[in-house]
Amino acid sequence: MTTFRRTSLLLAFMLATSPAYGQSTRKKKSSKKPPAATQPVKTTKAAPADDADGDESVEPRAFGSPNEDAETAVTPLVSPDAPAVARPAAAPGASGEPAVASAAVTASGPVALFAVARTSAVEEAAVKLEDELLSRLKASGVALVDLGAAFPPSPPASLARADTLFEQGRTDYDNLDPESAEAKFLAAAEAYTKHPAELSPERLAKAYLFLGASRMLNGDSTGALDAFKRAVVAEPSTAPDAALFGQDVLKTFDQARADVKARPAGTLVVESKPAGASVLVRGQELGVTPLKGVELPAGQHPVVVSLPGYSAFSQYTEVASAKSTEVKATLEPTPGLSAVRDAAVHASTEQAFERDTPPPEARAIGERLNARYVVLVAVARGDKGHLQAELQAWDLHSNARLRGVEIALAPGAKKNGPDAAADQVRAFVNGVAAPRVAESHSFSTLIKRPWFWAVVGGAAAVTAGAVYVATSQDKSRPFNPVSGGVGF
């Protein structure tokens, strides 16, 4: 008797003595010959409880509503202490096996995704990849963790001092003390511009308007014209009230408006690290970084660059006429987000990616962000120096895992890019059809014992408790067991 037959007989004996499969061995004999290749498990409905003593038995039950007459390849679930493995789906036109669903997920939840650099030389690539993956997941409807809510920005700075200076200037102006009023209005304008993120364009424009009027009273027409131009740039709709100001102020202000309109506009270019930050000018959102080619009237503008979870960058920027003005913002993560990113680094090491259970740092991230799914992407350079990344995702509720998703980042790479990786994560989160198969606890324990696999010697493949035995007698080909995620 050959080794293969002895192994097959031993395995058949074990299957027959297993409580989960005992009934299957008592089925009526069939005249059909054994199949020549590995067969999927045939799914049928379980027998009613009152027919438990009948002669007719059933196959292991697959939950769901399969067609009774159809044979369906079943990819069962593993137990919580043995998460299954999901392989990346082959790109269109590419060879390779499709991804194996690690779990039948029917409930969704927030997703936290972080890309980390395993070496400092690829930090920029990690930041870019994280932004691309988040954008694709968001566009496909995946619920992402709101970092802005998890790490709220600092309370806005108070403009009380600037408001007080403005009111003092109004008092001096009304009391016909233009010198003191000019000093107060100038101080108020400077105080406003120190806080671009909280700056009200209307307040600043009003301060410049009264500053120009005070200079007119002091006989400084040139200084008044400059102040009026700043008022128009700060808020184009600003106009002096004829009931408060004389004709000289109204006439000079009109000249300032005409001069501002006649000046060629300037161009604002904004970059940030990390990219993807919102850019606001005078409280209006112009887009996200990197932002290029935005025309603005020449003059000073409050520029605010913000990203959820990061401290906002803000400055009062002078946009030159007919020239390009650059703003480069380095955004610092809030202390809370910085701690979460440190945890992501520890959870993305090669050793952590080999774990069969979620790393403690991944669980900490999920608890801190109230996230069900934690997606970690490790970026590094391969043996040939090409950029590459490996993605792993955990369902912290069931311990199901998506692993082995490789992302090609080399220039011109079309296969297995960020788009394909985002599709894998979306499918994992939304739930890939993977019916559950009932398994006996004793049989599950049996197949996990080392001596069992030493006896079987590779003649079978296990997928989360369901054993598939090769029955092919074709000796001309090497043995090819049923492939699938082995969650052990």
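Residues numbered from 1 in each chain as written. Predicted model: local features only at pLDDT ≥ 70, side-chain atom pairs only at ≥ 80, totals over all residues. Heavy atoms only, no water.

## Let's talk about helix H2 (residues 123–139)
- If you check H2, its first and last C-alpha atoms are 25 Å apart, about what 17 residues at 1.5 Å a residue would give, namely 24 Å.
- Listing the buried residues of H2 in full gives Ala125, Ala126, Leu129, Glu130, Leu133 and Leu137. Projected down its long axis, H2 carries its buried residues within an arc of 135°, all on one side. Facing away from the buried side of H2 by more than 90 degrees, the exposed set consists of Glu124, Lys128, Lys138 and Ala139.
- Where H2 is buried, its residues touch strand S1 (111–117), helix H9 (335–346), strand S9 (373–381), strand S10 (387–395), strand S11 (401–408) and helix H12 (418–430).
- Where H2 terminates, the next one or two residues include glycine 141, which has phi positive at roughly 90°. (Helix = DSSP H or I, 4+ residues; strand = E, 2+ residues; numbered from the N terminus. Expected span 1.5 Å × (residues − 1). Buried < 20%, exposed > 50% of the residue type's maximum accessible area, 1.4 Å probe, protein only. Arc of directions from axis to C-beta. Contact = heavy atoms within 4.5 Å.)

## As for the sheet that holds strand S3 (residues 278–281)
- Read from one edge to the other, the open sheet built from 4 strands follows the order S4-S3-S6-S7, with strand pairing classed as antiparallel. Across the chains shown, the open sheet's two edge strands, defined by having one partner strand only, are strand S4 (284–288) and strand S7 (313–319). Shown here is a sheet whose adjacent strand axes are inclined to one another by a mean of 30°, direction ignored.
- With 4 bridges connecting them, S3 and S4 associate as antiparallel partners. (Pairing = 2+ DSSP bridges. Axes fitted to C-alpha atoms, helices over the stretch in contact; angles between N-to-C directions.)

## Structural notes on the pattern of salt bridges
- Across all of its chains, the model carries 12 salt bridges by this definition.
- The salt bridge partner of lysine 229 is aspartate 259, with a shortest N-O separation of 3.8 Å. Residue lysine 229 is located in helix H7 (residues 221–234), and its partner aspartate 259 is located in helix H8 (residues 247–262); the two are separated by 30 residues in the primary sequence.
- Relative accessible area serves as the criterion here: at 22%, lysine 229 is assigned to the partly exposed category. (Salt bridge = Lys/Arg side-chain N within 4 Å of Asp/Glu carboxyl O.)

## Observations regarding the packing of helix H5 (residues 178–193) against helix H6 (residues 201–217)
- Where H5 meets H6, the axes come as close as 9 Å, and the angle between the chain directions of the two elements is 155°. With respect to their mutual orientation, H5 and H6 come out roughly antiparallel. In the packing of H5 onto H6, the handedness of the crossing is left-handed. Contacts between H5 and H6 pair Pro178, Ala181, Glu182, Phe185, Leu186, Ala189, Tyr192 and Thr193 from the former with Arg203, Leu204, Ala207, Tyr208, Phe210, Leu211, Ser214, Arg215 and Leu217 from the latter.
- Residues that form the contact of H5 with H6 fall into these classes: 12 nonpolar, 2 polar and 3 charged. (Parallel < 35°, antiparallel > 145°, perpendicular 65-115°, else oblique. Left-handed = near helix turned anticlockwise from the far one by under 90°. Nonpolar A, V, L, I, M, F, W, Y, C, P; charged D, E, K, R; others polar.)

## Re the environment of phenylalanine 428
- Examined against the element boundaries, phenylalanine 428 turns out to sit in helix H12.
- For phenylalanine 428, a relative accessible area of 5% puts it in the buried group.
- Counting along the chain gives 27 residues from phenylalanine 428 to arginine 401, while the straight-line C-alpha distance between them is 8.6 Å.

## Quick look at the pairing of S7
- Across 7 bridges, strand S6 (residues 299–306) lies against S7 in antiparallel orientation. Considered in S7, the bridge of glutamine 300 is made with glutamate 318.
- The loop that links S6 with its antiparallel partner S7 comprises 6 residues; one of these, glycine 309, has a positive phi angle of about 90°.

## Regarding the packing of aromatic side chains
- As enumerated under the stated definition, the model contains 8 aromatic pairs in all.
- Taking 6.3 Å as the distance between ring centres and 55° as the angle between the ring planes, the aromatic pair formed by tyrosine 173 and phenylalanine 245 counts as tilted. Of this pair, tyrosine 173 sits in helix H4 (residues 160–174) while phenylalanine 245 sits in the loop between H7 and H8, placing them 72 residues apart in sequence. Residues tyrosine 173 and phenylalanine 245 agree in their burial class; the two are buried.
- By way of ring pairs, the aromatic residues Phe166, Tyr173, Phe185, Phe210 and Phe245 are connected into one cluster. (Phe/Tyr/Trp six-rings, centres within 6.5 Å; stacked < 30°, edge-to-face > 60°.)

Shape is all these values report; function is a separate question.
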